[in-house]
Amino acid sequence: MSEHRFVTLDVFTSVPFGGNQLAVFPDARAIPESSLQAITREFNFSETTFCYPAANPAHTKRVRIFTPGGEVPFAGHPTVGTAVALHALGGLGKTDGGVAHLILEEGVGPVPVTVRPEPGGATFAQFSVAKLPEIGPSAPSRGMLAEILGLDADDIVGTPLAPQAISCGIPFLLVPLRSVGAVSRSRVRIEKWEATLKSSWAPEVFVFAKDPEGGDSHYRARMFAPGLNVPEDPATGSANACFAGYLAARASARDGTLAWTVDQGIEMGRASRIEIEADTVAGTVTAIRVGGRAVLVSEGTLRVPAP
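Anyway, here's the lowdown on the structure attached to this text. Remember, it's a predicted structure, so these values are computed and weren't measured experimentally. (Residues numbered from 1 in each chain as written. Predicted model: local features only at pLDDT ≥ 70, side-chain atom pairs only at ≥ 80, totals over all residues. Heavy atoms only, no water.)

1. Points about the overall build of the chain
And then number 1: For the chain, the helix and strand inventory stands at six helices and 18 strands.
And then number 2: Here the C-alpha atoms of the chain give a radius of gyration of 19 Å, agreeing with the 19 Å that 2.2 N^0.38 yields for 307 residues.
And then number 3: With respect to the principal axes defined by its C-alpha atoms, the chain has extents near 55 × 45 × 35 Å.
And then number 4: Put simply, the chain has 307 residues, and 54% of those count as buried.
And then number 5: Counting only contacts in the chain whose residues sit at least 6 apart along the sequence, the fraction spanning at least 24 positions is 63%.
And then number 6: Of the roughly 12700 Å² of accessible surface on the chain, a fraction of 51% belongs to carbon and sulfur atoms. (Helix = DSSP H or I, 4+ residues; strand = E, 2+ residues; numbered from the N terminus. Rg over C-alpha atoms; globule rule 2.2 N^0.38 Å. Buried < 20%, exposed > 50% of the residue type's maximum accessible area, 1.4 Å probe, protein only. Contact = heavy atoms within 4.5 Å. Areas by Shrake-Rupley, 256 points an atom, 1.4 Å probe, with all protein chains shown as cover.)

2. Focus: the environment of P140
And then number 1: Mapped onto the elements, P140 comes out in the loop between β10 (134-135) and α3 (142-149).
And then number 2: The class of P140 is partly exposed, set by a relative accessible area of 22%.
And then number 3: C-alpha of P140 to C-alpha of S35: the two residues are 105 residues apart in sequence and 38 Å apart in space.
And then number 4: Apart from the residues lying within four places of it in its own chain, the contact partners of P140 are L145, L173 and L197.

3. With respect to the environment of A306
And then number 1: In this structure, A306 sits in the segment after β18 (284-304).
And then number 2: With 271 residues separating them along the chain, A306 and S35 place their C-alpha atoms 9.1 Å apart.

4. Overview of unusual backbone geometry
And then number 1: Of note, the amide linkage connecting T159 to P160 takes the cis form, showing an omega dihedral of 5°.
And then number 2: With respect to the helices and strands, the residue P160 is situated in the loop between α3 and β11 (164-167).
And then number 3: Positive phi, normally seen in glycine, also occurs at F12, with a value near 65°.
And then number 4: Mapping F12 onto the fold places it in the loop between β1 (2-11) and β2 (20-25).
And then number 5: Non-glycine residue A282 carries a positive phi angle of around 50°.

5. Some thoughts on the side chain of H218
And then number 1: Looking at the secondary structure, you find H218 in strand β14 (residues 218-225).
And then number 2: For H218, a relative accessible area of 2% gives the class buried.
And then number 3: Setting aside chain neighbours within four positions, we find H218 in contact with K210, D211, T261, V262, D263 and R273.

6. Description of the nonpolar core
And then number 1: Residues L9, L174, F243, W260 and I276 are the most contacted members of the largest nonpolar core, which totals 57 residues.
And then number 2: When neighbours within four sequence positions are excluded, L9 is seen to be in contact with N20, Q21, L22, V24, G81, V84, A85, A294, V295, L296 and V297.
And then number 3: Counting residues in hydrophobic clusters, the runner-up holds 20 residues, among them L149, L197, V207 and A209. (Core = buried A, V, L, I, M, F, W, Y, C linked by side-chain atoms within 4.5 Å.)

7. Comments concerning the pairing of strand β13 (residues 204-210)
And then number 1: Most of β13 sits inside the fold, with six of its seven residues counted as buried.
And then number 2: Direction of pairing for β13 relative to β14: antiparallel, over a ladder of six bridges. For F206, the partnering residue across the bridge sits in β14 and is M223. (Pairing = 2+ DSSP bridges.)

8. Details of the packing of aromatic side chains
And then number 1: Taken as a whole, this structure holds 14 aromatic pairs when the rule is applied.
And then number 2: Ring plane angle 50° and centroid distance 5.9 Å describe the contact between F6 and F25, whose orientation is recorded as tilted. Of this pair, F6 sits in strand β1 while F25 sits in strand β2; the two residues are 19 residues apart in sequence, bridging distant segments of the chain.
And then number 3: With relative accessibility at 12%, the residue F6 sits in the buried group.
And then number 4: On the basis of relative accessible area, F25 is assigned to the buried category, the value being 0%.
And then number 5: Relative to F43, the ring of F6 has its centre 5.1 Å away and its plane inclined at 75°; by these criteria the two rings are edge-to-face. In this pair, F6 is assigned in strand β1 and F43 in helix α1 (residues 36-43), connecting sequence segments 37 residues apart. The two residues F6 and F43 agree in class, both being buried.
And then number 6: Within the aromatic cluster, the residues linked to one another by ring pairs are F6, F25, F43, F45, F50 and F66.
And then number 7: Residue placement shows R62 over the ring face of Y52; its charged tip is 4.6 Å from the ring centre. (Phe/Tyr/Trp six-rings, centres within 6.5 Å; stacked < 30°, edge-to-face > 60°. Lys NZ or Arg CZ within 6 Å of the ring centre and 35° of its normal.)

So, in structure tokens, the structure goes:
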């Protein structure tokens, strides 16, 4: 039996017990490979991360990300939360004017993250995607998506804001809805999802609608990932990175930095706020950033049986 230190955080929130939960093992070198998935399922959060020395000495750490369904090459809230945890525990990263700069080696490649502690206990972190948006195959029809989501076809917006499959490391099917009410009514009908989306290029579904209460650049969203054993995720940085690319491609502005905020997790009782940005040059997306706050919630040791 061996003992391994972990911390947990709530990510994309400034207060405990909101946002998306994350477990981080800051030094996972002695954890048996065969135990990583079992540990992830023991926590039963949407993701758990395991940190190792970086392959490139100029980088901060190598990070492996697991969902209850398996390892993934990239995810947003684990990137934000792991950067916040590593900086809080060890002061890692080059500091410039109170902002620390970390580079996390993930399956998708090196991911730069800036970390900025704030008064009151929360820390803001923002990462730049290693992979710019990749457009996938055509989305299913509005009628089919309505059946999958338990909605009416009229709830789903058509051209030019039509559903689209996009990946910044993990593919998501982005589905625009006409109202916040439709977002709240959404649910995945598993039998319909299994018959249509399960084996598709982008089986995970991100639904969204403009939320006028938060201003013209504010949205409400939900994300369903039954293929990753995550029925619903309270905050999904990787999906929101795709969303930034989706919005930037449809924006009237052709040059400069565009910014939006997204609330997610409301229906789950774990309110999250994600801040997304996209840089564009002549209408082409050149960079995407995703940021939010995180708070440390707990720490301890986990006992792992010998393999």
